[in-house]
Amino acid sequence: MMLGFLLARAGLEVAVLEKHADFLRDFRGDTIHPSTLELMYELGILEEFLKRPHQEVRELAGQVGQETVTIGDFTHLPTHCKFLAFMPQWDFLNFVVEQGKRYPGFQIKMQTEATELIEENGRIAGVTAKTPDGIIEIRAPLTVGCDGRHSVVRDRAGLQVMDLGAPMDVLWMRISRRPSDPGQTFGHAQAGTIFVMVDRENYWQCGFVIPKGAADELRKRGIEQFREEVARLQPFLRDRVNELRDWNDVSLLTVKVDRLRRWFRPGLLCIGDAAHAMSPVGGVGINLAIQDAVAAANILAEKLASGSFSARDLEQVQRRREFPTRATQRLQVLVQNRVIRRVLSSSKPLTLPLALQLLQRWPILRRIPARVVGMGFRPEHVRTPDTSRH
Ligand SMILES: Cc1cc2nc3c(=O)[nH]c(=O)nc-3n(C[C@H](O)[C@H](O)[C@H](O)COP(=O)(O)OP(=O)(O)OC[C@H]3O[C@@H](n4cnc5c(N)ncnc54)[C@H](O)[C@@H]3O)c2cc1C
């Protein structure tokens, strides 16, 4: 969506396909990072964005056993917004669509699901897509696969995937929120479990992290036992865990961490999770996807406009974004293996790991995780023009 908006803003014609009829999915995270807010500042849309309902989080906190710890402090970042904004992703996407629609070249095609690639003379020349009115063909000099971690585009393109492994899956559910509830602490780790809670005003979006593949066993034990487990982790939810009536109220999100060896083929580029599926660790996948979009627009917009782009330009996008992707995934895999795997397999009460102890003793160190989560490696800046201003 972001790449579509940037290219239309630069005067190009873009069709963004979305297979669903709306963006009301619960599984992609709600975080808008300081670096994304900085891009909005560069695009001149930050003020308008901040008028939409959102929450501003200046410090990242978590709970280990009974102890509440502060992990990140965003207030020293060199960005206009020194906070992480929380906004349901459907509101954010609708906002970006509105921005895109200000440009005549922007088209959003809902309920249009890319199913196959059109290949001509060794180049990808577009896609075939399923719509409520039947199958259509959409042809384009450049097709961008940005269809997430189960990408059909990368699969059809036969691009080779390196699986980096993830030891966990997440059970995702909503439980109502009351004004008297405690504030948001995001993650709560206890021996054997990690429970995540995101404040969405009238409800909590909750994530119950489980060892990979353990969902069936949990289901077999019954919903009552699961409710009891949630209430044990967050006793203030005890009076409403019955809102989880059965397993239909709990969705299973499978976590993947992988990366394409090559992100492109002539006429085709993959970005975001389609190029590198991100773990939820650190909540940084949205940021990375948006940064990919900005880099792709910066490198390709002018060449697309003049019709002079080649596979070498697509390779340049991969080269630009490969280092931040590798570095972020390396950290995610480290946290998955050193922290999450251990917590999920532990039966003894947890003690505070050394890194978290250091963050409590020297608050200045909290600026490091804030920088990694809030800005990421190699933050991008908008270099594409706004053609409506000429
Ligand atoms: C449980 C979980 C929690 C997470 N929490 C966070 C978080 O808090 N913060 C964070 O930054 N990251 C989080 N992530 C990672 C984050 O969700 C992704 O990295 C990010 O959404 C990637 O963005 P994307 O645009 O590449 O793909 P997506 O956000 O997955 O978007 C892909 C879009 O393409 C559409 N689509 C799919 N297939 C087709 C098709 N064939 N044709 C047309 N449309 C199609 C989908 O409907 C979707 O709208 C989380 C991941 C998981 C698994």
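Further up the page is the structure itself.
A few points on the structure. Predicted model only: the values in this text are computed from it and were never measured.

With that settled, the discussion passes to the environment of Asn 287. By secondary structure assignment, the location of Asn 287 is in helix α8 (residues 285-306). Overall, the relative accessible area of 2% leaves Asn 287 in the buried class. Once the C-alpha coordinates of Asn 287 and Gly 374 are considered, the two residues, 87 residues apart in sequence, prove to be 8.4 Å apart. Look past the residues within four positions of Asn 287 in its chain and what remains in contact with it is His 33, Ser 35, Thr 36, Val 373, Gly 374, Met 375 and Gly 376.

Once that is clear, we can look at the sheet that holds strand β2 (residues 31-32). Ordered by their spatial adjacency, three strands build an open sheet running β2-β6-β3, and the pairing between neighbours is antiparallel. A single partner strand is all that each edge strand has here, and the edge strands are β2 and β3 (55-57). Relative to strand β6 (residues 84-86), β2 runs antiparallel, the two being bridged by two bridges. Bridge pairing in β6 places Ile 32 opposite Ala 85.

Two measures define how a pair of helices packs: the angle their axes make with one another and the distance between the axes. One can describe the packing of helix α2 (residues 34-43) onto α8 by two numbers: an axis separation of 9 Å at closest approach and a directional angle of 35°. Seen along the crossing, α2 lies across α8 with a hand that is left-handed. The residues of α8 that touch α2, namely those facing Ser 35, Thr 36 and Leu 39, are Asn 287, Ile 290, Gln 291 and Val 294. Across the contact of α2 with α8, the residue classes tally to three nonpolar, four polar and no charged.

Turning next to the pairing of strand β16 (residues 203-211). The buried fraction of β16 amounts to eight of the nine residues, a majority that puts the element mostly inside the structure. Across nine bridges, strand β13 (residues 168-176) lies against β16 in antiparallel orientation. Bridging from a neighbouring strand, Val 170 pairs with Val 209 of β16. Alignment of strand β15 (residues 193-199) against β16, held across six bridges, turns out to be antiparallel. Along β16, the bridge assignment pairs Val 198 with Gln 205. Where β15 folds back on β16, the antiparallel hairpin that results is connected by three residues, among which Glu 201 adopts a positive phi of roughly 70°.

This brings us to the packing of aromatic side chains. Going through the model one piece at a time under the given rule, you end up with eight aromatic pairs. Measuring from centroid to centroid gives 6.0 Å for Phe 49 and Phe 92, while their planes differ by 85°, and the two rings are edge-to-face. In this pair, Phe 49 sits in helix α3 (residues 46-50) while Phe 92 sits in helix α4 (residues 89-100), placing the two residues 43 residues apart along the sequence. Of the two residues examined, Phe 49 and Phe 92, each falls in the buried class. Ring centres of Phe 49 and Phe 95 lie 5.3 Å apart, and the angle between their planes is 65°; on these two criteria the pair is classed as edge-to-face. A residue pair is termed long-range when its members are at least 10 positions apart, and Phe 49 in helix α3 and Phe 95 in helix α4 qualify at 46 residues. Accessibility expressed as a relative area gives 0% for Phe 49, which makes it buried. Here Arg 262 stacks its cationic end above the ring of Phe 264, 5.1 Å away from the centre of that ring. Across from the ring centre of Trp 362, 5.8 Å away, lies the NZ or CZ of Arg 361, which sits over that ring.

What counts, and where the lines are drawn
Residues numbered from 1 in each chain as written. Predicted model: local features only at pLDDT ≥ 70, side-chain atom pairs only at ≥ 80, totals over all residues. Heavy atoms only, no water. Helix = DSSP H or I, 4+ residues; strand = E, 2+ residues; numbered from the N terminus. Buried < 20%, exposed > 50% of the residue type's maximum accessible area, 1.4 Å probe, protein only. Contact = heavy atoms within 4.5 Å. Pairing = 2+ DSSP bridges. Axes fitted to C-alpha atoms, helices over the stretch in contact; angles between N-to-C directions. Left-handed = near helix turned anticlockwise from the far one by under 90°. Nonpolar A, V, L, I, M, F, W, Y, C, P; charged D, E, K, R; others polar. Phe/Tyr/Trp six-rings, centres within 6.5 Å; stacked < 30°, edge-to-face > 60°. Lys NZ or Arg CZ within 6 Å of the ring centre and 35° of its normal.

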